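One-letter residues, chain by chain:
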Amino acid sequence: MAYTFGTVVAGDVADVRERVVEALKTEGFGVLTEIDVAATMKVKLGEDMAPYVILGACNPYLAFEALGLDIEVGALLPCNVVLRDEGGSVAVRFMDPSAVLGLVDADGIGAAAAEARSRLLRVAASLGGG
């Protein structure tokens, strides 16, 4: 089973990041965390890599619903969004909530995961790309 989906859009990571954050907002998500993986690898390992950012996106309503179904689901939150430089374009990959929350055996979790997935698919589609 695939555990991500997404698109590739023209631009650089900084510009695409702003577009992704705005598109997430339209679907009720906020960005709780941001990890600059490339900068971390440079500092910690002295290694260079292309720009690579992980955004931890959360829709509070959906997170609250999922936590009410199984309090341990917090270990699987937030929904990560990866922005990866591909030389003139950016791969935007979304964690598939249906795949990840499929690990949870709780009544109703599938519906919450499907709603989160649907919203993230709309975010991906709104970015254009291919």
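In case you missed it, the structure is sitting above this.
Because the structure is a prediction, the values reported are computed rather than measured. (Residues numbered from 1 in each chain as written. Predicted model: local features only at pLDDT ≥ 70, side-chain atom pairs only at ≥ 80, totals over all residues. Heavy atoms only, no water.)

Draft legend 1. Molecular detail of helix 5 (residues 109-126). Its 18 residues place the ends of helix 5 26 Å apart at the C-alpha level, agreeing with the 26 Å of an ideal helix rising 1.5 Å per residue. Within the span of helix 5, buried status applies to Ile109, Ala112, Ala113, Ala116, Arg119, Leu120, Val123 and Ala124. Across the axial projection of helix 5, the buried residues extend over an arc of 145 degrees, all falling on one side. In this structure, helix 5 carries Ala111, Ala125 and Ser126 as exposed residues pointing more than 90 degrees from its buried face. Buried residues along helix 5 sit against strand 1 (4-10), helix 1 (13-26), helix 3 (60-69), strand 4 (79-85), strand 5 (89-95) and helix 4 (97-101). (Helix = DSSP H or I, 4+ residues; strand = E, 2+ residues; numbered from the N terminus. Expected span 1.5 Å × (residues − 1). Buried < 20%, exposed > 50% of the residue type's maximum accessible area, 1.4 Å probe, protein only. Arc of directions from axis to C-beta. Contact = heavy atoms within 4.5 Å.)

Draft legend 2. Looking closely at the environment of Leu83. Relative to the elements of secondary structure, Leu83 occurs in strand 4. By relative accessible area, Leu83 is classed as buried at 0%. Between the alpha carbons of Leu83 and Val8 there is a distance of 9.4 Å; along the sequence they are 75 residues apart.

Draft legend 3. Fine view of helix 3. Of the positions making up helix 3, those classed as buried are Leu62, Ala63 and Ala66. The buried residues of helix 3 occupy an angular sector of 100 degrees when projected down its axis, which confines them to one face. Exposed residues pointing more than 90 degrees away from the buried face of helix 3 are listed as Pro60, Tyr61, Phe64 and Gly68. The inward-facing, buried residues of helix 3 abut strand 3 (52-58) and helix 5. In this structure Asn59 caps helix 3, since a side-chain oxygen of it lies 3.1 Å from the backbone nitrogen of Tyr61. (Polar contact = N/O pair within 3.5 Å; in protein donor to acceptor, adjacent residues only side chain to side chain.)

Draft legend 4. Representation of the side chain of Asp96. With respect to the element layout, Asp96 can be found in the loop between strand 5 and helix 4. Among the polar contacts listed, one links the side chain of Asp96 to the backbone nitrogen of Ser98, at a separation of 2.9 Å. Among the polar contacts made by the side chain of Asp96, one reaches the side chain of Arg117 at a distance of 3.0 Å. In this structure, Asp96 is in contact with Ala2, Tyr3, Thr4, Phe5 and Arg117, ignoring residues within four places of it in sequence.

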